[in-house]
There are 2 protein chains.
Amino acid sequence: MSKQKKILIVGLGLLGGSYAMGLSKKGWQVQAIDRDEYALAYAKEKGIIDQGVSRDFEEMVAAADRMVFALYPAAFVKWVEQYKHLFRPGLIFTDVSGVKCGVVEPIQAMLPEGVEFIASHPMAGREVSGVQNATDAIFAPANFIITPTEKNTPAGLAFARVLAEELGFAHICQLSCAEHDRMIGYVSQLTHAIAVSLMCASDNTHLAEYTGDSFRDLTRIARINERMWSELFLENRQVLIEEIDQFTAALQGMKEKLIQGDRAGLEEMFITSTRRRQAFDR
Amino acid sequence: MSKQKKILIVGLGLLGGSYAMGLSKKGWQVQAIDRDEYALAYAKEKGIIDQGVSRDFEEMVAAADRMVFALYPAAFVKWVEQYKHLFRPGLIFTDVSGVKCGVVEPIQAMLPEGVEFIASHPMAGREVSGVQNATDAIFAPANFIITPTEKNTPAGLAFARVLAEELGFAHICQLSCAEHDRMIGYVSQLTHAIAVSLMCASDNTHLAEYTGDSFRDLTRIARINERMWSELFLENRQVLIEEIDQFTAALQGMKEKLIQGDRAGLEEMFITSTRRRQAFDR
């Protein structure tokens, strides 16, 4: 760990801002780079960051020992490509990307000697964006997943772990990038694909007055940031397509049982789903 | 309204018990018929009902002016078939069934002159069953839907409405049986079909530790009473099959966009779903 608890965050949106807030509270000195000067001014005024710049950040980057990238995946890869010549030896950085294989492979391949990227995914978020909505309260119930490769070192892993501990995540664990992307394809992307498709299937907004909690719970995540999610879906599309196929086959199986009037078959599905769902109770 | 606020409830499970509790609190005299003597004894001891019998209920039925049937749909139809000869002229009764066409048509067709069935659906429930879990608190946020036909009278409608008011439903409305079944096919049955199919698609219980709120919200309703729901699904299968087809087409459309790498097309779906979902915010 860098002894001075000093960190540079690139991208001061909801997640970057929430990291900044949580680390500032723990006594870290937080610098930030973002295109949006208003976001930087807001964060500085609120004590979320110590210092922020929107351009001429070369010196700030060159001086950094620890960084967090809180950008969309493609922008993250592009940023590193463009500015990696500034990185000092000994720099360790992590990210917040919701997909891993697509960012970890290209970035680890392009880094100069002595610079380490330890990838991680904080499974936290809100349905709103921007530093104005940042809050480190989103981390307390959440998982923090570290996805090391053979290029990572104990120092890199320790940095990711300390970060998660300082931010107060409920649960810290490690997966390979491929395991992560498969898991996220099921527990997050497939559920969002379903909720969005349900809303797109037909315009049933006139039914709003009749809906209960179960419909609201199922479709809450259909309110979605289209730029970020289209990127996440496409980065992980092979996995997501397989998950969609597997889910569709199960739903078609149910339809077949309805057509056949197969009550025993339906009951069997309900019993299976009830038993499996119990494993997900907290 | 029967001036004495007296009612006979057939079926003292979760819903029947919750009706009994709510009406007792409002000063109604509540009688109950149930096969389960333990449930009756429990309800009597807790002051949920005044009187309950498991058999030899002929006199109790013959004396009733107002009744509520809180049975599964098929059992409800069968009960009326078997005991309708006991009904006195002037009897008005309602039900709690989650599907309407399949119970309203046969029952209204078989009733003796002077006996009225005004159908209704309280859109309330819990993931647990039995009178031991009954609570009238489930009605406060819920919709009460009355589905009258040309066979119903102002007196029948008034009874259903008073019942809903006494039980404290948030919202009372009227739909035709067909409108009701189409609506319920979308907002309730399709969502349950999706949640169950998601759990049945593959055994991903080992992923429980990685799941967040959105997965839990979406699959909460996959814990399901297999006897009741297989009956509700089959009673409304034509509607449900159409809804499954429409939803599957939307999901396949998304898959096609993933295969094509059609980012603009995905963004369009996300924008549509976000806009439509806003209509469902409370």
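(A) Seen up close, helix H9 (residues 226-235) of chain B. Within H9(B), the full set of buried residues consists of Trp229(B), Ser230(B), Glu231(B), Leu232(B), Phe233(B) and Leu234(B). Buried residues belonging to H9(B) abut helix H10 (237-260) and helix H11 (263-278) of chain A together with helix H4 (73-83), helix H7 (177-201) and helix H10 (237-260) of chain B. Structurally, the start of H9(B) carries an N-cap: the backbone nitrogen of Arg227(B) is 3.0 Å from a side-chain oxygen of Asn225(B).

(B) Quick peek at the interface of chain A and chain B. With 83 residues of chain A in contact, the opposing surface of chain B contributes 83 residues. Summing both partners gives a buried area of about 8,500 Å² for chain A against chain B, and 66% of it is carried by carbon and sulfur. Per-residue buried area on chain A facing chain B is highest for Tyr210(A), Arg277(A) and Phe280(A); these three make up 9% of the total on that side. If you look at where chain A meets chain B, you find ten salt bridges. For Asp281(B), the salt bridge is made with Arg223(A), and the minimal N-O distance between the two is 2.2 Å. For the interface between chain A and chain B, the tally reads 42 residue pairs in polar contact (both at pLDDT 80 or more). Counting residues per element, the ones that place at least two in the side of chain A that touches chain B are strand S8 (143-146), strand S9 (171-174), helix H7 (177-201), helix H8 (213-219), helix H9 (226-235), H10 and H11 of chain A.

(C) The packing of aromatic side chains, seen in detail. All names here are of chain A. Taken as a whole, this structure holds 35 aromatic pairs over all chains when the rule is applied. The structure contains a cluster of three or more aromatic residues connected by ring pairs, namely Phe57, Phe69, Phe76, Trp79, Tyr83, Phe87, Phe93 and Phe117. In this arrangement the basic side chain of Arg66 is found over the ring face of Phe159, its NZ or CZ atom lying 5.7 Å from the centre.

About the cut-offs
Residues numbered from 1 in each chain as written. Chains lettered and ligands numbered in written order. Predicted model: local features only at pLDDT ≥ 70, side-chain atom pairs only at ≥ 80, totals over all residues. Heavy atoms only, no water. Buried < 20%, exposed > 50% of the residue type's maximum accessible area, 1.4 Å probe, protein only. Helix = DSSP H or I, 4+ residues; strand = E, 2+ residues; numbered from the N terminus. Contact = heavy atoms within 4.5 Å. Polar contact = N/O pair within 3.5 Å; in protein donor to acceptor, adjacent residues only side chain to side chain. Buried area = accessible area lost by both parts, 1.4 Å probe. Salt bridge = Lys/Arg side-chain N within 4 Å of Asp/Glu carboxyl O. Phe/Tyr/Trp six-rings, centres within 6.5 Å; stacked < 30°, edge-to-face > 60°. Lys NZ or Arg CZ within 6 Å of the ring centre and 35° of its normal.

Shape descriptors only; they carry no functional weight alone.
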